[in-house]
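These are the residues of each chain, in order.
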Amino acid sequence: MTVVALVPAAGLGTRLGLNVPKAFVTLLDRSLLERAVDGLFASGVVDDVVVMVPPDMIDRARELVPRARVVVGGAERTDSVRAGLAAAGDAELVLVHDAARPLTPAPMIERVVAALRGGASAVIPVLPVADTVKRVDADGIVEATVDRADLRAVQTPQGFTAGALRAAYAAAPGELATDDAGLVERAGGTVVTVPGDPLAMKITTAFDLRIAQVLAEETA
Ligand code: C5P
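Rules used throughout
- Residues numbered from 1 in each chain as written.
- Predicted model: local features only at pLDDT ≥ 70, side-chain atom pairs only at ≥ 80, totals over all residues.
- Heavy atoms only, no water.
- Helix = DSSP H or I, 4+ residues; strand = E, 2+ residues; numbered from the N terminus.
- Expected span 1.5 Å × (residues − 1).
- Buried < 20%, exposed > 50% of the residue type's maximum accessible area, 1.4 Å probe, protein only.
- Arc of directions from axis to C-beta.
- Contact = heavy atoms within 4.5 Å.
- Pairing = 2+ DSSP bridges.
- Core = buried A, V, L, I, M, F, W, Y, C linked by side-chain atoms within 4.5 Å.

A.B. asks: Lay out helix H7 (residues 206–219) with the relevant residues and their values.
C.D. replies: Spanning 14 residues, H7 covers 20 Å between terminal C-alpha atoms, matching the ideal 20 Å at 1.5 Å per step. Those residues of H7 that sit buried are Asp 208, Leu 209, Ala 212 and Ala 216. One face of H7 carries all of its buried residues, which in axial projection span an arc of 95 degrees. For H7, the exposed residues lying more than 90 degrees away from the buried face are Phe 207, Arg 210, Glu 217 and Glu 218. Packing partners of the buried residues in H7 comprise strand S2 (26–27) and helix H1 (32–42).

A.B. asks: Give a description of the pairing of strand S1 (residues 3–8) that names residues and reports values.
C.D. replies: Most of S1 is tucked away, with six of its six residues classed as buried. Covered by surrounding structure in S1 are Val 3, Ala 5 and Val 7 together with Val 4, Leu 6 and Pro 8, the residues of both alternating faces. Pairing of S1 with strand S6 (residues 93–96), which is carried by four bridges, proceeds in the parallel orientation. Bridging from a neighbouring strand, Val 4 pairs with Val 94 of S6. As judged from the five bridges shared by S1 and strand S4 (residues 48–53), these two strands associate in the parallel manner. Across the sheet, the residue bridging to Ala 5 is Val 49, located in S4.

A.B. asks: Please give an account of the environment of Phe 41 that cites residues and values.
C.D. replies: Residue placement: Phe 41 occurs in helix H1. Along the primary structure Phe 41 and Ala 68 are separated by 27 residues, whereas in three dimensions their C-alpha atoms are 9.5 Å apart. Residues contacting Phe 41, with those up to four places away along its chain left out, are Val 46, Asp 47, Asp 48, Val 49, Arg 67 and Ala 68.

A.B. asks: Please set out the nonpolar core residue by residue, giving values where relevant.
C.D. replies: Residues Leu 33, Val 37, Val 49, Val 51, Val 53 and Leu 95 are the most contacted members of the largest nonpolar core, which totals 32 residues. Sorting the residues of this core by element identifies S1, H1, S4, helix H2 (58–64), S6 and helix H4 (106–117) as the ones contributing at least two each. Considering every element that reaches this core, the biggest residue donor is H4, with five residues. Residues in contact with Val 51, not counting those within four places in the same chain, are Val 7, Ala 9, Leu 33, Val 37, Val 65, Ala 68, Arg 69, Val 70 and Val 71. Residues Leu 6, Met 52, Val 126 and Ala 162 belong to the second largest nonpolar core, which totals 24 residues.

These values are about where atoms sit, not about what they do.
Below you can see the structure in the form of structure tokens.
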């Protein structure tokens, strides 16, 4: 079964505070985008990669990741994934992997694909939640302590049969979601979990980038 990975890389990265779209920020020797795409191909379980970028970054992306197909993303992450899905062709299995997770290790990508090949239609890598988590109201007053034993932090790549992901996006034409499995859940699908990896951390803030720099130096 052919595996295509969609890489949303069209975010502006406002929270990172640099004047270049986040996926094009450099981590040591390579951009986040190059690292994410190279990591997918290096896993050996991905046949094709489609990258979604801001309209003015198409040429730059084609230079950086010549093995990937590059398409224009959208205003929201969900719009970008939708654009990637339209370019995914007839792949049977689809991974969606944030460019903002440049250090994702190959075995984690393999675990996601193995679960799909084992019959799952939607797979997410997860980690336990270390902090105590509380729900608060609009004034910051605590309403409840959520039992963290039941919680998981969710990473990417998330994996889907193409049918399940296409159906979930078709069922929610205008809806936004912070992850793709959320749309599958809303469509009534079953989402299974595999162990994630702390190295698959998402770079959102300048602090995250500093941590990733240290980790990248260690593995360089
Ligand atoms: O902003 P955030 O870190 O949640 O974005 C996660 C991923 O989704 C990033 O790789 C970002 O480039 C991508 N994205 C996108 N299109 C958007 C917004 C975010 O492809 N409109």
